[in-house]
Amino acid sequence: MKIYEKILDIAKRRGIFYPSCEIYGGISGFYDYGPTGTRIKKNVEDIIRKAYLIEEYGNFTCSEIECPTLGLDDVWNASGHVKSFSDFTVECSACKEPFRADHLVEENLKISCDGMSAEQLTGLIKNNNLKCKKCGGELNDVYNYNLMFRTEIAPGKNKRIGYMRPETAQSTYIAFKRLWEISRKKLPFGILQLGKSYRNEISPRQYIIRLREFTQAEMEFFIDPDDKYEYLNLKDDAAIKIMDRDDKISKISIREAHSQGIIKNKAIAYFLQKSVNLFVRMGIDGKRLQLRQHKDTERAFYSKDTWDVEFMSALGRIEIVGVADRGNYDLTQHQNCSRESMEIFWNNRRFVPNVIEVAYGIDRPVYCVVESCYAEEISGKGEGGESDESKEIDESKERAYFKFPPEISPYVCVFPLMAKDGLPEKAGEVVDVLRKANLYVFYDKSGSIGRRYARADEIGVSYAITIDYDTLKDNTVTIRFRDTKEQRRVRIEELEKVVK
Ligand SMILES: [Zn+2]
């Protein structure tokens, strides 16, 4: 079994993520997060949320907003999505199977299709006699398939065409003037929006990597075009693989890449560095992260520069955040289409602000955390001390578990050593203390203590708390740290402080 197949198998069984709508046969591109996965995902979201709303304090003000996921066609006409948010599609004339035309050509001819037109792709398919991957049938002409879900809002004369948003950013842009007022008319400021977006992908695959409904966290950083970003400080950081638009590879720190002019814009360098640090904090393997600059052919025409952070996973290269200098294109488009001015008066000038956009996927980092933290213990040495329990763990031989860092860990576990002699009642008091401290508690009193530790490891719990006979005497409990297997005796009154 390949590593990602094992991970999917475990993710399903342990309630991390699994295909949606399974009883009706499922539909690709939709996944559920189970009880454990939902906690992990919320923790990933919270790390990003706090990193901008709280931790940027002193550098710039950043606030969070939440907008509807269904938007009027006016918005998506102005943004250019109705016209050009599409993928090249080709269908088999015999079995009707659809394919991404550019992917099909790239796979077969080992060439890059960046910047090609539908006609060019059709030409390549015909001239090279490429056939349907499923049945070997003839392929039809390549066409553009719009990736937005289209719908109708209201009946009769009130009917409007709407689209499920393919990104959160546009709903932030259209509220810019109000956000400017609320932000006390001062640049720079950031607006973060976390929420669902929708893309009607032609062939979604790779579990939660390419979904038709997914979660994003996009931070729009509104700036004066002359901003030199003196208030953003690049830290000393470790060397990382950096690929520029000409495929030149350097292995240097992001700070160094900025001073050498490889990453020209300081704000882009800053948000790339911040993102890499956030991913490592989540438990993503930093050695498998790299930076990649978009080539001229893949970059939107209005974008001055775009960089991605990518994770080299068992499934291939996964883009987990994109940082783009979007100039003032979006606000100008909405100004032109809505006829509402997006100009502001700042620093004695009147202008439409520029935007640096930091766009995180959430589902993708969740997958990368799960893959990075996956661990196997082949010889499964028993633990917990008592011999019969050790034996029980030994029997499982190949023990798979997750080394999530505490910030990602889904729960704090509480175990009474035995399900008798007043221990469950005492454990109930401990659960009360932790719940009152706003912690997510998983209480388990069934099976041997070793087996319960093993179950906690299987869902990546960082700390487990055990209530034993000493607890009844001196009000102390044992905290067991998963990674070090260290056990520490702590007074119940101090528990909240120690765990937090
Ligand atoms: Zn076919």
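Residues numbered from 1 in each chain as written. Predicted model: local features only at pLDDT ≥ 70, side-chain atom pairs only at ≥ 80, totals over all residues.

S.K.: Can you walk me through the environment of F279 in this structure?
M.R.: Looking at the secondary structure, you find F279 in helix α10 (residues 266–282). C-beta crowding within 10 Å serves as the criterion here: with 26 such atoms nearby, F279 is assigned to the buried category. Spatially, the C-alpha atom of F279 lies 11 Å from that of I408, the residues being 129 residues apart in sequence. Beyond its immediate sequence surroundings of up to four residues, F279 is in contact with I284, L289, V309, I320 and P365. (Helix = DSSP H or I, 4+ residues; strand = E, 2+ residues; numbered from the N terminus. Buried ≥ 20, exposed ≤ 12 C-beta atoms within 10 Å, placed from the backbone. Contact = placed C-beta atoms within 7 Å.)

S.K.: In this structure, what is going on with the packing of helix α2 (residues 35–53) against helix α12 (residues 363–373)? I would like to understand it.
M.R.: In a packed pair of helices, the relevant descriptors are the angle between the two axes and the axis-to-axis distance. Closest axis-to-axis distance for the α2/α12 pair is 10 Å, and the angle between their directions is 115°. When the axis of α2 is compared with that of α12, the two are roughly perpendicular. The way α2 lies across α12 gives a crossing that is right-handed. Facing α2, whose interface residues are I40, K41 and V44, α12 presents P365, V366 and V369. Class assignment of the residues belonging to the contact of α2 with α12 gives a composition of 5 nonpolar, no polar and 1 charged. (Axes fitted to C-alpha atoms, helices over the stretch in contact; angles between N-to-C directions. Parallel < 35°, antiparallel > 145°, perpendicular 65-115°, else oblique. Left-handed = near helix turned anticlockwise from the far one by under 90°. Nonpolar A, V, L, I, M, F, W, Y, C, P; charged D, E, K, R; others polar.)

S.K.: What exactly am I supposed to notice about unusual backbone geometry here?
M.R.: Working note: non-glycine residues mostly have negative phi, and peptide bonds are mostly trans. For the bond running from L187 to P188, omega is -5°, close enough to zero to count as cis. Following the sequence through the fold, P188 ends up in the loop between α8 (176–182) and β10 (189–198). Notably, D247 is not glycine yet its phi reads approximately 65°, a positive angle. Residue placement: D247 occurs in the loop between β12 (240–243) and β13 (249–252). The backbone phi angle of N475 is positive, close to 60°, even though this residue is not glycine. Mapped onto the secondary structure, N475 falls in the loop between α16 (469–474) and β25 (476–481).

S.K.: Looking at this structure, how should I read the nonpolar core?
M.R.: With 91 residues, the main nonpolar core has I268, L272, V369, V370 and C413 as its most contacted residues. Among the elements that line this core, the one with the most residues is α10, at 10 residues. Each of domain 1 (3–72 + 166–371) and domain 3 (384–499) accounts for three or more of the residues forming this core. (Core = buried A, V, L, I, M, F, W, Y, C linked by C-beta atoms within 7 Å. Domains from an automatic or database assignment.)

S.K.: In this structure, what is going on with the domain arrangement of the protein? I would like to understand it.
M.R.: Interface extent is often summarised as the accessible area lost during association of the parts. According to the domain assignment, the protein contains domain 1 (3–72 + 166–371), domain 2 (87–144) and domain 3 (384–499). The C-alpha-based centres of domain 1 and domain 2 are spaced at 31 Å. At the interface, 5 residues of domain 1 touch 7 residues of domain 2. Of the residues contributing to the side of domain 1 that touches domain 2, the split by class is 1 nonpolar, 2 polar and 2 charged.

S.K.: Help me understand the sheet that holds strand β19 (residues 354–361), please; the structure alone is not making it clear to me.
M.R.: In a beta sheet, neighbouring strands pair by backbone hydrogen bonds and run either parallel or antiparallel. Across the sheet, which stays open at both edges, the 9 strands sit in the order β3-β10-β11-β19-β16-β15-β14-β12-β13 with mixed pairing between neighbours. This sheet does not close on itself; its edge strands, each paired only once, are β3 (61–65) and β13. Put simply, the sheet's adjacent strands are angled 25° from each other on average, direction ignored. In this structure, β12 lies alongside strand β14 (residues 289–293), joined through 3 bridges in parallel fashion. Across the sheet, residue I242 finds its bridge partner in β14, namely L291. Each of β11 (213–223), β15 (305–313), β16 (316–325) and β19 is contacted by α12, which is oriented at about 135° to β16, the strand it contacts most. (Pairing = 2+ DSSP bridges.)

S.K.: Quick question: what am I supposed to make of the pairing of β25 here?
M.R.: Consecutive side chains of a regular strand alternate in pointing toward one face of the sheet and then the other. Note that strand β24 (residues 463–467) and β25 share 4 bridges and pair antiparallel. Paired with Y463 across the bridge in β25 is F481. In terms of strand pairing, β25 meets strand β26 (residues 487–491) through 5 bridges, oriented antiparallel. Its bridge partner being in β26, R480 is matched across the sheet by Q487. Joining the antiparallel neighbours β25 and β26 is a turn of 5 residues, in which K485 adopts a positive phi near 65°.

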